Amino acid sequence: MKTPSRSGNPAATPAPHIAVIHGPNLNLLGTREPNIYGSSTLEEINRRLIELGRELGIAVSPFQSNHEGEIVDFIHSIRDTHAGIVINPAGLTHTSVALRDALAAVALPIVEVHLSNTHAREEFRRRSYVSPIALGVISGLGPAGYEFALKALAARLEQTASE
Ligand code: DQA
C-alpha cells in the first residue's frame, strides 16, 4: 500500500502529492495561439488545479519548464515524494524518448493531457512517446482536461489505498 488512505484522522494521513508538469511553451498560454490553446493563462490553470486538489484532499505541485533536462530532473526528484503525475509534455510528446524513459523509470501513475485535440491537427502530433506508458490520455478538452486528469488520478489513488 503505497498511498495513505484519506479516511480517518486527517492529521494522521497527509494528503498525497500529485505533480502537474507542463512542457515547453506552455508558459505562454493565454497569448500563445489562443485560437488553438484558448485564453486561460498557465497561472489560472495551476490556481484552479491547486483549489481542486484541496477539494479532493490532494496536494498539487505545478511545474513548468522549457528545457527537457529540467523536466527529467524534476521527474526524478519527485520519485519518492509524489503519488502520481499529470503531464502535458507539449512538443516533447512527439519527440522525447528521454522524457518517456524518465516517466517509466519513476513508475508513477501518469495521465497525459493536451489542451488541443492532437489527433485533429498535423500528422506529426499524432504520435506520442508518453501515451503507451500513461494510465490515460485526455486531448482536446482545453483546461478542463487537467481537472479531469486530476480527478481520475485521485480516484485511482483512493482505489489503490483501499486495496
Ligand atoms: C499540446 C499539443 C502539442 O502538439 C504542442 O506541441 C503543444 C501543446 C497541447 O496541449 O495541445 O505545445 O501539448
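Preceding block: the structure.
Residues numbered from 1 in each chain as written. Predicted model: local features only at pLDDT ≥ 70, side-chain atom pairs only at ≥ 80, totals over all residues. Heavy atoms only, no water.

Student: Provide a residue-level description of the pattern of salt bridges, including the pertinent values.
Tutor: Applying the stated criterion across every chain, the model contains 7 salt bridges. We note a salt bridge from R47 to E43, for which the minimum N-O separation is 3.4 Å. Pair noted here: R47 and E43 are both in helix α2 (residues 42-56), with a separation of 4 residues, about one helical turn. By relative accessible area, which is 49% here, R47 ends up partly exposed. Measuring nitrogen to oxygen at the nearest pair gives 3.2 Å for the salt bridge that ties R48 to E51. Within this pair, R48 and its partner E51 are both found in helix α2, separated by 3 residues, close to a single helical turn. (Salt bridge = Lys/Arg side-chain N within 4 Å of Asp/Glu carboxyl O. Helix = DSSP H or I, 4+ residues; strand = E, 2+ residues; numbered from the N terminus. Buried < 20%, exposed > 50% of the residue type's maximum accessible area, 1.4 Å probe, protein only.)

Student: Give a description of the site of the ligand that names residues and reports values.
Tutor: Residues in contact with the ligand, as listed here, are R32, Y37, N88, A90, G91, H94, H114, L115, S116, T118 and R125. At a separation of 2.8 Å, an oxygen atom of the ligand approaches a polar side-chain atom of N88. Taking 320 Å² as the accessible area of the ligand by itself, protein coverage stands at 97%. Class assignment of the residues belonging to the shell around the ligand gives a composition of 3 nonpolar, 6 polar and 2 charged. (Near = heavy atom within 4 Å. Polar contact = N/O pair within 3.5 Å; in protein donor to acceptor, adjacent residues only side chain to side chain. Areas by Shrake-Rupley, 256 points an atom, 1.4 Å probe, with all protein chains shown as cover. Nonpolar A, V, L, I, M, F, W, Y, C, P; charged D, E, K, R; others polar.)

Student: Tell me about the pairing of strand β4 (residues 110-114), and name the residues and values.
Tutor: With 5 of 5 residues buried, β4 is to be regarded as a mostly interior element. Both faces of β4 are covered, namely the face carrying I110, E112 and H114 and the face carrying V111 and V113. For the crossover from strand β3 (residues 84-88) across helix α4 (residues 97-106) to β4, the handedness is right-handed. When β4 meets strand β5 (residues 136-139), the two strands line up parallel, connected through 4 bridges. Each bridged residue has a counterpart across the sheet, and for E112 the counterpart in β5 is V137. (Right-handed = clockwise from strand over helix to strand, strands pointing away. Pairing = 2+ DSSP bridges.)

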